[in-house]
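# Coordinate analysis (summary)
Each chain, written out:
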Amino acid sequence: MLFQLSEEQLMIQQAARDFAQNELKPGVIERDEHQKFPAEQVKKLGELGFLGMMVSEKYSGSGMDALSYVLVMEELSKVDASASVVVSVNNSLVCYGLEAFGSEFQKEKYLKPLASGEKIGAFCLSEPEAGSDATSQQTTAEDKGDYYLLNGTKNWITNGSTASTYLVIAQTNKALKHKGINAFIVEKGTEGFTVGPKENKLGIRGSDTHSLMFNDVKVPKENRIGEDGFGFKFAMKTLEGGRIGIAAQALGIAAGAYELALSYAKQRKSFGKPISEHQAIAFKLADMATSIEAARMLVYKAAWLKDQGQSYTLAGSMAKLYASKVAMDVTVEAVQIHGGYGFVKEYHVERLMRDAKITQIYEGTSEIQKMVISREIIR
């Protein structure tokens, strides 16, 4: 077992750390307060090559490995999960799906500008009545010969109004159930495609989350991804990689809160000594550090398996399940260690606690991860 990062990985990690501290941290509280999308910061992330990290250079990507990707996600998420979720969706769900399963035409037209950061994408699976049960797609795509007619609503879509390219999952043949589902590329501005109001959320408030409405939207046949009926499998395969990204986000949120709590505990004094020297606080810090390191090993292993071309279904679900729990536990303790200051926005930890919760929900709830894990271990 080799636990040492390569020189290139260390450089990528440091670049992400510097960006988080210098570019994301200033203004992060204001963006959270006003639900402001980090447009300028996302543009710079694209220029750094962080929006198409695992895409081959042939398609304007950075050609990096999955481990480098989770290192970047971890560092960005320590400071601003609203920015890191853009990196996660664009890399794990949109770019990966197009490169792995898209046609050459789709890669040339859509993947290249997404991987270069010129444009960003959105992954549209969830619906008002179809969250964890992705087989219950009510959005329909009627085959009209040389095009499909798309009708329906998608909910909780990250990058909802800022994306240019949308991967939309829809039902073409209800009689075939999940085998009648397809995946389509829909461009922003297509007639009949409208974006609903921005969601007012508990956490990741800078993230651009909207409902999307499709009313007789014409989608060319050439924009269907894969063979007819491939859509459900496309969504599941894509989400497997997405779980690793969100696990890394949860890890970063936990690590960021822990670093703030550790620093504060060393400075804050009570009863004549730093609170870090009181056993009650020292033991909290010990538990936090241990659980974060355990989560880190699960996340890194899942990324490593993906890089080796091995199955990462089980590892990815374990990483997301555990890291998201650690994110919640650690952020709550970080607020507790800060005491009254932890309840105040300027100390960051209350925002990290709010941001942590979503990691147990999106890209497969913790309950869904337990279903995946139990199915894999029983099999």
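Overview of the structure. Here the residue numbering is sequential within each chain, running from 1 through the sequence in written order. Local features are withheld for residues below a pLDDT of 70 in this predicted model, meaning they are given only at 70 or higher, and side-chain atom pairs are given and counted only at 80 or more; totals for whole chains, interfaces and linings count all residues. With hydrogens and water set aside, each side-chain value is computed from the structure's full complement of heavy atoms.

## Topic: the overall build of the protein
Secondary structure elements follow DSSP: runs of H or I of four or more residues count as helices, runs of E of two or more count as strands, with numbering from the N terminus. A tally of helices and strands in the protein yields 11 helices and 10 strands. Every radius of gyration here is taken over C-alpha atoms, with the globule rule written as 2.2 Å times N^0.38, N being the number of residues. Relative to a compact globule of 379 residues, whose C-alpha radius of gyration would be 21 Å, the protein shows 21 Å and is just as compact. By its C-alpha atoms, the protein is 80 × 45 × 35 Å across when sized along the principal axes. For every residue, the accessible area obtained with a 1.4 Å probe (protein chains only) is divided by the maximum for its type, and the residue is called buried under 20%, exposed over 50%, and partly exposed between those limits. Burial status across the protein gives 54% buried among its 379 residues.

## Quick look at the packing of helix H5 (residues 81-101) against helix H6 (residues 104-115)
At a closest axis distance of 10 Å, the pairing of H5 and H6 adopts a crossing angle of 155 degrees. Here H5 is positioned roughly antiparallel relative to H6, judged by the angle of their axes. In this structure, H5 meets H6 at a crossing whose hand is left-handed. In this structure, H5 contributes Asn90, Val94, Cys95, Leu98 and Glu99 to the contact, and H6 contributes Lys107, Tyr110, Leu111, Leu114 and Ala115. Following the grouping adopted for this structure description, the nonpolar residues are Ala, Val, Leu, Ile, Met, Phe, Trp, Tyr, Cys and Pro, the charged ones are Asp, Glu, Lys and Arg, and the polar ones are all others, Gly among them. Residues belonging to the contact of H5 with H6 are distributed by class as follows: 7 nonpolar, 1 polar and 2 charged. Working convention: axes come from line fits to C-alpha atoms, limited for helices to the stretch in contact. Angles between N-to-C directions cover 0 to 180 degrees. Geometric relationships in this document are graded by angle, where less than 35 degrees denotes roughly parallel, more than 145 denotes roughly antiparallel, 65 to 115 denotes roughly perpendicular, and other angles denote oblique. Definitions for this section: a left-handed crossing has its near helix turned counterclockwise from the far helix by less than a right angle. A right-handed crossing has that turn clockwise. We call two residues contacting when some pair of their heavy atoms lies within 4.5 Å.

## Describing the pairing of strand S2 (residues 140-143)
By this definition, two strands are paired if DSSP reports at least two bridges between them. Judged from the 4 bridges that link them, S2 and strand S3 (residues 147-158) form a sheet pairing that is antiparallel. Along S3, the bridge assignment pairs Ala141 with Leu150. Following S2, the chain reverses through 3 residues before pairing antiparallel with S3; Gly145 in that reversal takes a positive phi of roughly 100 degrees.

## Remarks on the packing of helix H4 (residues 66-77) against helix H8 (residues 279-307)
One way to put it is that H4 packs onto H8 with a least axis distance of 8 Å and a crossing angle of 145 degrees. Where H4 abuts H8, its residues Ala66, Leu67, Val70, Leu71 and Glu74 lie against Arg296, Val299, Tyr300, Ala303, Lys306 and Asp307. Counted by class, the contact of H4 with H8 contains 7 nonpolar, no polar and 4 charged residues.

## What about unusual backbone geometry?
A positive phi angle, near 55 degrees, is found at Trp156, a position not held by glycine. Looking at the element boundaries, Trp156 is found in strand S3. Note on Trp156: relative accessible area 47%, which makes it partly exposed. Residue Asp216 is not a glycine yet carries a positive backbone phi of 55 degrees. You can see Asp216 is positioned in strand S7 (residues 209-220).

## Focus on the nonpolar core
Nonpolar cores were defined as sets of buried Ala, Val, Leu, Ile, Met, Phe, Trp, Tyr and Cys residues, with membership established by side-chain atoms within 4.5 Å. Counting residues in hydrophobic clusters, the biggest one holds 94 residues, and the most contacted among them are Val70, Leu98, Val299 and Ile337. Sorting elements by how many residues they give to this core places helix H7 (residues 231-267) first, with 18 residues. Leaving out residues up to four positions away in the same chain, Leu98 has contacts with Lys107, Tyr110, Leu111, Leu114, Leu167, Ile185 and Ile225. Core analysis: the second largest hydrophobic core is formed by 17 residues, Ala122, Ala141, Ala170 and Phe214 among them.

## With respect to the layout of surface pockets
Buriedness of a pocket was judged along seven lines, with at least five required to meet protein on both sides within 12 Å; pockets are open sets of points on a 1 Å grid over the protein atoms alone, cavities are sets where a 1.4 Å probe fits but cannot get out, and lining residues have an atom within 4 Å of a point. Grid points are joined across faces, edges and corners, and a volume is the space filled by probe spheres set on the points. Estimated volume of the largest pocket: approximately 1200 Å³. As for the largest pocket, its lining consists of 47 residues, of which Leu125, Gly131, Leu239, Glu363 and Gly364 are closest to the centre. Mapped onto the lining of the largest pocket, the elements with two or more residues apiece are H5, S3, H7, helix H10 (349-358) and helix H11 (366-378). When residues of the lining of the largest pocket are assigned to their parent elements, the largest contribution, 7 residues, is made by H7. For the lining of the second largest pocket, the element with the most residues is H8, which contributes 7 residues.

## So, H6
Among all positions of H6, only Gln106, Lys107, Tyr110, Leu111, Pro113, Leu114 and Ala115 are buried. Buried residues belonging to H6 abut H5, strand S1 (121-124), strand S4 (165-171), strand S5 (181-187) and strand S8 (224-225). Within two residues after H6, Gly117 carries a phi angle of roughly 90 degrees, on the positive side.

## Examining the packing of aromatic side chains
Centres within 6.5 Å make a pair out of two Phe, Tyr or Trp rings, where for Trp the six-membered ring is used; the pair is then stacked when the planes are under 30 degrees apart, edge-to-face when over 60, and tilted otherwise. A full pass over the atoms with the stated rule returns 11 aromatic pairs. A centroid spacing of 5.8 Å and a plane angle of 75 degrees characterise the contact between Phe101 and Phe234, whose relative ring orientation is edge-to-face. Of this pair, Phe101 sits in helix H5 while Phe234 sits in helix H7, and the two are 133 residues apart along the sequence. Here Phe234 falls in the buried class, since its relative accessible area comes to 0%. Aromatic side chains Tyr341 and Tyr347 sit 5.0 Å apart centroid to centroid with 45 degrees between the ring planes, which places their arrangement in the tilted category. A relative accessible area of 27% places Tyr347 in the partly exposed class. Through successive ring pairs, a cluster of aromatic residues spans Tyr96, Phe101, Phe123, Phe230 and Phe234.

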